[in-house]
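# Report on the structure
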Amino acid sequence: MANRVMRLVALLALLGTGAAAWAQQASPVDTEKELEKYRAMINDPMSNPGYLNVDRGEVLWATPRGAKNVSLETCDLGMGPGKLEGAYARLPRYFADADKVMDLEQRLLWCMQKIQDLDTADIIRRRFGAPGRISDMEDLVAFIANKSSGMRYEAPLAHAKEQEAYAIGEALFYRRSDIMDFSCATCHSEDGRRIRLQALPNLVKAGKNAQDTMGSWPTYRVSQSQTRTMQHRLWDCYRQMRAPEPVYLSDGLTALTLFLVKQGEGGEINVPSIKR
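The structure presented is a predicted model; accordingly, all values stated were derived computationally and were not measured.

### Some points on the packing of helix H10 (residues 230–240) against helix H11 (residues 251–263)
- At a minimum axis distance of 11 Å, the contact between H10 and H11 shows a crossing angle of 105°. Considered as vectors, H10 and H11 are oriented roughly perpendicular to each other. Seen from H10, the contacting residues are Met230, Gln231, Leu234 and Tyr238; seen from H11, they are Leu253, Leu256, Thr257 and Leu260.
- A breakdown of the residues in the contact of H10 with H11 according to their chemical character gives six nonpolar, two polar and no charged.

Here it is as structure tokens:
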């Protein structure tokens, strides 16, 4: 009996030591250090499949398509027809010819319809890539956004409609809804929050967290084997909140994007990045 008790005490001590060691290993600081090693390992552009999207997007930009059989090279993304350097860093923005605030994907669809006279039903169907399904939008966004790599976000808010969109985006960020009663701020309003091993940036405060987050999209998602745009990121956030699927290229998503870009203003763009 005494021997059994002694063995039990020893086993509990061993378990306690193991639990303490596990707790030490799983500390937020150690976890973040290991994640940084992982990010550094996969962040080599030569090993980032997102650059395949950049290459395909470059071809698409210059390929004549649609009833008019012309390319997108005269599309004005805000810097003048065909000018790509720095355009992504100043989107979303107001476009007078469309009389609305647009993000990059909205503007590209508009140019496809107006300049190329392209039937965009298939473009929208393939808006998000999947195994065996390449997305023209993801390719074009990767190519165009990459032209702003190394530059810094400058959210334009001079026009009244840009100011209105920003206010709507801010309201959407804090709006709780649906069965989970979640908002964007539910997950992104405090420092140090994490879901599983994934850090949740605090986007309420303008500054580094928002800058690093917004400056890293579009990104290649290793877990999905696809390059993803901000449209997909927001769509997936609403899906995880168990909310109705947001309409692709809706003005609401553009407004939310403008708010987030403003929060990350001044942050350096480094895209396509690569994430788990």
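### Notes on the packing of helix H7 (residues 160–174) against H11
- Following both chains from N to C, one finds H7 and H11 inclined at 90°, their axes separated by 7 Å at the closest point. With respect to H11, the axis of H7 lies roughly perpendicular. Of the residues in H11, those in contact with Glu162, Ala165, Tyr166, Ile168, Gly169, Glu170, Leu172 and Phe173 of H7 are Gly252, Ala255, Leu256, Leu258, Phe259, Leu260, Lys262 and Gln263.
- Tallied by class, residues from the contact of H7 with H11 come to 10 nonpolar, three polar and three charged.

### Some words on the state of the cysteines
- The full count for this structure, using the stated rule, is one disulfide.
- The disulfide partner of Cys75 is Cys111, and the gap between their sulfur atoms is 2.1 Å. Since a negative S-S torsion denotes a left-handed disulfide, the Cys75-Cys111 link at about 70° is right-handed. A residue pair is termed long-range when its members are at least 10 positions apart, and Cys75 in the loop between helix H3 (50–62) and strand S1 (93–95) and Cys111 in helix H4 (residues 104–114) qualify at 36 residues. Accessibility classification places Cys75 together with Cys111 in one group, the buried group.
- Cys184 takes part in no disulfide bond, and the closest cysteine sulfur to it belongs to Cys237, at a distance of 6.6 Å.
- Here Cys184 falls in the buried class, since its relative accessible area comes to 12%.
- Considering cysteine sulfurs only, Cys237 is the nearest to Cys187, which forms no disulfide, with 7.9 Å between them.

### Topic: the pattern of salt bridges
- Under the criterion given, the structure shown has 19 salt bridges.
- Of the charged contacts, one joins Asp136 and Arg65 as a salt bridge, the two residues approaching to 2.9 Å between their closest N and O atoms. Linking Asp136 in helix H6 (residues 136–146) with Arg65 in the loop between H3 and S1, this pair joins segments that are 71 residues apart in sequence.
- The exposure class of Arg65 is buried, given its relative accessible area of 18%.
- With a shortest N-O distance of 3.4 Å, Arg233 and Asp236 are connected by a salt bridge. Within this pair, Arg233 and its partner Asp236 are both found in helix H10, separated by three residues, close to a single helical turn. In this pair, the class of Arg233 matches that of Asp236, namely buried.
- Each of Arg65, Asp122, Arg125, Arg126 and Asp136 takes part in a single network of salt bridges with overlapping partners.

### A look at the packing of aromatic side chains
- Across all of its chains, the model carries six aromatic pairs by this definition.
- Among the aromatic residues, ring-to-ring pairing joins Tyr166, Phe173, Tyr174 and Phe259 into one connected group.
- Lying over the aromatic face of Trp110, Arg107 brings its terminal NZ or CZ to 4.3 Å of the ring centre.
- Above the plane of the ring of Tyr248 lies Arg127, whose end atom (NZ or CZ) is 5.8 Å from the centre.

Thresholds applied
Residues numbered from 1 in each chain as written. Predicted model: local features only at pLDDT ≥ 70, side-chain atom pairs only at ≥ 80, totals over all residues. Heavy atoms only, no water. Axes fitted to C-alpha atoms, helices over the stretch in contact; angles between N-to-C directions. Helix = DSSP H or I, 4+ residues; strand = E, 2+ residues; numbered from the N terminus. Parallel < 35°, antiparallel > 145°, perpendicular 65-115°, else oblique. Contact = heavy atoms within 4.5 Å. Nonpolar A, V, L, I, M, F, W, Y, C, P; charged D, E, K, R; others polar. Disulfide = S-S within 2.5 Å. Buried < 20%, exposed > 50% of the residue type's maximum accessible area, 1.4 Å probe, protein only. Salt bridge = Lys/Arg side-chain N within 4 Å of Asp/Glu carboxyl O. Phe/Tyr/Trp six-rings, centres within 6.5 Å; stacked < 30°, edge-to-face > 60°. Lys NZ or Arg CZ within 6 Å of the ring centre and 35° of its normal.

Any link to function would need more than the numbers given here.
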